[in-house]
Amino acid sequence: MKTLRDEIDMEKLPVHIAIIMDGNGRWAKKRFLPRKFGHKAGADTLENITKAADKLGVKHLTVYAFSTENWKRTEEEVKGIMDLLRSYLDRYIAKADKENIKIDIIGEKSRLDADIQEKIKKIEILSADKPGLNLHIALNYGGRDDILRGIQKIAKKVEAGELKADDITEEMISESLDTGFYPDPELVIRTSGEERISNFLLWQIAYSEFVFNKKLWPDYTEEDLYEDICYYQNRDRRFGGR
Ligand code: FPP
């Protein structure tokens, strides 16, 4: 039987997919459960989707796990998400030798608890040589904050006399960002039916295609990923040309 997986044109597989994992709270609410259960289910979905994207041959997956604005949530909810992250990182560290994917964190890490920063350093070292998918987890990430920090790096070079303001290029700005070492996403998926970008990769999405999937993130499956990729592949990308 032909499945959606077979419909994917491997020649046009996106190199980089970015996902706004939205809807954990609503998923929990529908079940009369506290929000943290939604985030737990969301973390399980993240593991499934990471495996599916890796199997498919996607090279980069960037996921929005915690934004610079998410600190405004209750202390309990923030702690719940941070604890999930702790156990996610611990699980990877414990079975690092069997893992295939490379993990790094984008975002402003200094505001994260010291133990989380330590686990991040560990995981980035342990996974550095893995051959599979590059999973970039956006934590305390904001697109504007990314651009601000990038511009500050460039401004320091100008201040030091190493660079002239007129010589600043788009490539230099791209490279100054947290994502500077990998390509921009061809495809951005947001779940839960919301249709906004919420300060995710602002500079990097200049030419991205968007797919807004109505499923809540904990309900999102491997098949949904295949479907969203097929939907993206059936669009005509012109980059402003004809
Ligand atoms: C958005 O749903 C989701 C988040 C703000 C958190 C995303 C976090 C995870 C999927 C788990 C992270 C875990 C690891 C291991 C990286 P929402 O709470 O805004 O949902 P709602 O809009 O329905 O309230």
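Residues numbered from 1 in each chain as written. Predicted model: local features only at pLDDT ≥ 70, side-chain atom pairs only at ≥ 80, totals over all residues. Heavy atoms only, no water.

Asker: What is the right way to read the nonpolar core from this model?
Answerer: Taken as a class, soluble globular proteins show a tendency for nonpolar side chains to be buried jointly. The biggest cluster of nonpolar side chains holds 44 residues, and the ones touching the most others in it are Ile 17, Ile 19, Leu 135 and Leu 225. It is helix 4 (residues 75-94) that contributes the most residues to this core, eight residues altogether. By size, the runner-up hydrophobic cluster in this structure holds eleven residues, among which are Tyr 64, Tyr 141, Tyr 182 and Phe 200. (Core = buried A, V, L, I, M, F, W, Y, C linked by side-chain atoms within 4.5 Å. Buried < 20%, exposed > 50% of the residue type's maximum accessible area, 1.4 Å probe, protein only. Helix = DSSP H or I, 4+ residues; strand = E, 2+ residues; numbered from the N terminus.)

Asker: Help me out: how do you make sense of the site of the ligand in this one?
Answerer: Taken together, the neighbourhood of the ligand is formed by 17 residues, with Asp 22, Gly 25, Arg 26, Arg 35 and Arg 73 sitting nearest. Contact between the ligand and Gly 23: an oxygen atom at 3.4 Å from a main-chain N or O atom of the residue. A distance of 2.7 Å separates an oxygen atom of the ligand from a polar atom in the side chain of Arg 26. About the coverage of the ligand: the protein hides 92% of its 620 Å² of free accessible area. Elements that contribute at least two residues to the shell around the ligand include exactly helix 2 (24-30), helix 3 (35-56) and helix 4. (Near = heavy atom within 4 Å. Polar contact = N/O pair within 3.5 Å; in protein donor to acceptor, adjacent residues only side chain to side chain. Areas by Shrake-Rupley, 256 points an atom, 1.4 Å probe, with all protein chains shown as cover.)

Asker: What's the story with the packing of aromatic side chains in this structure? I'm lost.
Answerer: The description of two aromatic rings rests on the distance between their centres and on the angle between their planes. What the rule picks out here adds up to seven aromatic pairs. Plain terms: the ring middles of Phe 181 and Tyr 182 are 5.1 Å apart, the flat faces sit at 65 degrees to each other, and that makes the pair edge-to-face. Classification of Phe 181 as exposed rests on a relative accessible area of 56%. Look at Tyr 182 and you get buried, because its relative accessible area is 7%. (Phe/Tyr/Trp six-rings, centres within 6.5 Å; stacked < 30°, edge-to-face > 60°.)

Asker: What am I meant to see in the sheet that holds strand 3 (residues 102-106) here?
Answerer: Backbone hydrogen bonds are what pair the strands of a sheet, in a parallel or an antiparallel way. Taken in spatial order, the six strands of this open sheet run 3-4-2-1-5-6, and their pairing is parallel. With one partner strand each, in any of the chains shown, strand 3 and strand 6 (209-212) form the two edges of the open sheet. Each adjacent strand pair in this sheet contributes to an overall mean axis angle of 20 degrees, direction not counted. Lying over the sheet, helix 5 (residues 114-127) contacts strand 3 and strand 4 (134-141), oriented at roughly 145 degrees with respect to strand 3. (Pairing = 2+ DSSP bridges. Axes fitted to C-alpha atoms, helices over the stretch in contact; angles between N-to-C directions. Contact = heavy atoms within 4.5 Å.)

Asker: Is there a simple way to explain the pattern of salt bridges in this structure?
Answerer: Think of it this way: side chains of opposite charge can pair up when their charged atoms draw near. Evaluation of the coordinates by the stated rule reveals 22 salt bridges. For Glu 77, the salt bridge identified is with Arg 73, shortest N-O distance 2.9 Å. Owing to a relative accessible area of 34%, Arg 73 belongs among the partly exposed residues under this scheme. Across the salt bridge formed by Glu 194 and Arg 196, the nearest N and O atoms sit 2.9 Å from each other. Since its relative accessible area comes to 22%, Glu 194 is described here as partly exposed. (Salt bridge = Lys/Arg side-chain N within 4 Å of Asp/Glu carboxyl O.)

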